[in-house]
Amino acid sequence: MKRKTILLISAFLIAISPLAALSQTGLNINRIFTDSFRGKKGVTETVLNHKKLKSKYNLSLYHSLTITGHPDLASEIEPLLTADGAKAKSKEVRYKSGRLYYCLYGLNSTRAGQSRYILYLNGHLNGDNKIILLYLEGMATIEEVKKMLNK
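What counts as what
Residues numbered from 1 in each chain as written. Predicted model: local features only at pLDDT ≥ 70, side-chain atom pairs only at ≥ 80, totals over all residues. Heavy atoms only, no water. Buried < 20%, exposed > 50% of the residue type's maximum accessible area, 1.4 Å probe, protein only. Helix = DSSP H or I, 4+ residues; strand = E, 2+ residues; numbered from the N terminus. Pairing = 2+ DSSP bridges. Contact = heavy atoms within 4.5 Å. Salt bridge = Lys/Arg side-chain N within 4 Å of Asp/Glu carboxyl O.

(A) Focus on the pairing of strand β4 (residues 99–107). Burial runs high along β4: eight of the nine residues are buried. The pairing of strand β3 (residues 90–96) with β4 spans seven bridges and is classified as antiparallel. Considered in β4, the bridge of K91 is made with Y105. The antiparallel hairpin formed by β3 and β4 contains two residues in its connecting segment, where S97 sits at a positive phi of about 55°. Pairing between β4 and strand β5 (residues 115–122): six bridges, direction antiparallel. Paired with G106 across the bridge in β5 is Y117.

Have a look at this one:
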């Protein structure tokens, strides 16, 4: 029974991974949402794209990586974020000790007119042991995204 459950979950994740990867096409952070990062110990990927997400948060996709215990990966992620941020329509950026600590970028919309957002938080710079990278898509405004993140 346990094996069957694991197989079903694995099949589901394999089925939705291409969908999530396609949404970040054209972004530098797309390189982070690959097996080379996802396969590391301490990395958790979450992909949500169901009706509850849409009705509650006005989003069609929530894709995140939580990286625990790898402060060194921040130096690989930061230049990719900076490059994507250079093309962002809106930006909120905070630095700590000369390093990128937090960013929220509002990107150009998709062809379907959906807004796209990137959020990054390097908790290692604040005594936490995590890096969080989010990619969001949907009709949500930047204010709605901020409200969702503050819950």
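(B) Region of interest: the side chain of S64. Considering the arrangement of structural elements, one finds S64 in strand β2 (residues 59–68). Residue class for S64 comes out buried when judged on its relative accessible area of 3%. Apart from residues lying up to four places away in sequence, S64 is in contact with F33, T44, E45, T46, L133 and L134.

(C) Expanded view of the pattern of salt bridges. Following the criterion strictly, the structure yields four salt bridges and no others. Between D35 and R38 there is a salt bridge, and its shortest N-O distance comes to 2.7 Å. Separated by three residues within a single helix, D35 and R38 lie in helix α2 (residues 35–38), roughly one turn from each other. Look at D35 and you get exposed, because its relative accessible area is 57%. The salt bridge partner of E92 is K146, with a shortest N-O separation of 2.3 Å. Placement of E92 in strand β3 and of K146 in helix α5 (residues 142–149) is noted, with a sequence separation of 54 residues between them. Take E92: its relative accessible area is 25%, and that puts it in the partly exposed class. Assessed through its relative accessible area of 32%, K146 is described here as partly exposed. The structure contains a network of salt bridges with shared partners spanning D35, R38 and E45.

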